[in-house]
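Okay, here's what each chain looks like letter by letter:
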Amino acid sequence: MRPAYLSAARHLQIGREYAVQGDARRALAAYHSALGLLRTLPPERTRDVLLAHAHLAFYQTLALGGSTGDEQAHLQLGVSYARSTRDPLARAIAEECLSGLDTVL
């Protein structure tokens, strides 16, 4: 299973790189690959932390212009995973995403 986590993390990293470059289409495709891989794995903290990061990255990319109408679902899932895993970085990202919505994590 560890190779699957590494592959998912790599897809997430690549997606973030594309997002920084302004290529939302490729970023979303990379995030989608990460999510698809992570959903096949059994529940575990590592998987859930990566799911939080992937959903929040998906939300951020969609919110910045690549909107498909799915951004709220990704935000809700990302916040939920961030809360349950208590990963400090995921929680900070979730709080940043929610700050514009006048909601507190």
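Because the structure is a prediction, the values reported are computed rather than measured. (Residues numbered from 1 in each chain as written. Predicted model: local features only at pLDDT ≥ 70, side-chain atom pairs only at ≥ 80, totals over all residues. Heavy atoms only, no water.)

On to the environment of T40, then. Along the polypeptide, T40 turns up in the loop between helix 2 (24-38) and helix 3 (45-66). Since its relative accessible area comes to 60%, T40 is described here as exposed. Taking the C-alpha atoms as reference, T40 lies 14 Å from L6; in sequence the two are 34 residues apart. In this structure the side chain of T40 is engaged in a polar contact, spanning 2.6 Å, whose partner is the backbone oxygen of L37. (Helix = DSSP H or I, 4+ residues; strand = E, 2+ residues; numbered from the N terminus. Buried < 20%, exposed > 50% of the residue type's maximum accessible area, 1.4 Å probe, protein only. Polar contact = N/O pair within 3.5 Å; in protein donor to acceptor, adjacent residues only side chain to side chain.)

Sizing a probe to match a water molecule and rolling it over the atoms shows the empty space that remains. Here the largest pocket defines a volume of roughly 240 Å³. Around the largest pocket, the lining is made up of 16 residues, and of these A19, Y31, Q60, T61 and L64 lie nearest the centre. Taken together, the elements giving at least two residues each to the lining of the largest pocket come down to helix 1 (2-21), helix 2 and helix 3. Considering each element in turn, the lining of the largest pocket owes the most residues, eight residues, to helix 3. (1 Å grid on protein atoms, 1.4 Å probe; cavity = no way out; pocket = protein on both sides within 12 Å on 5 of 7 lines; lining within 4 Å. Points joined across faces, edges and corners; volume = space filled by probe spheres on them.)

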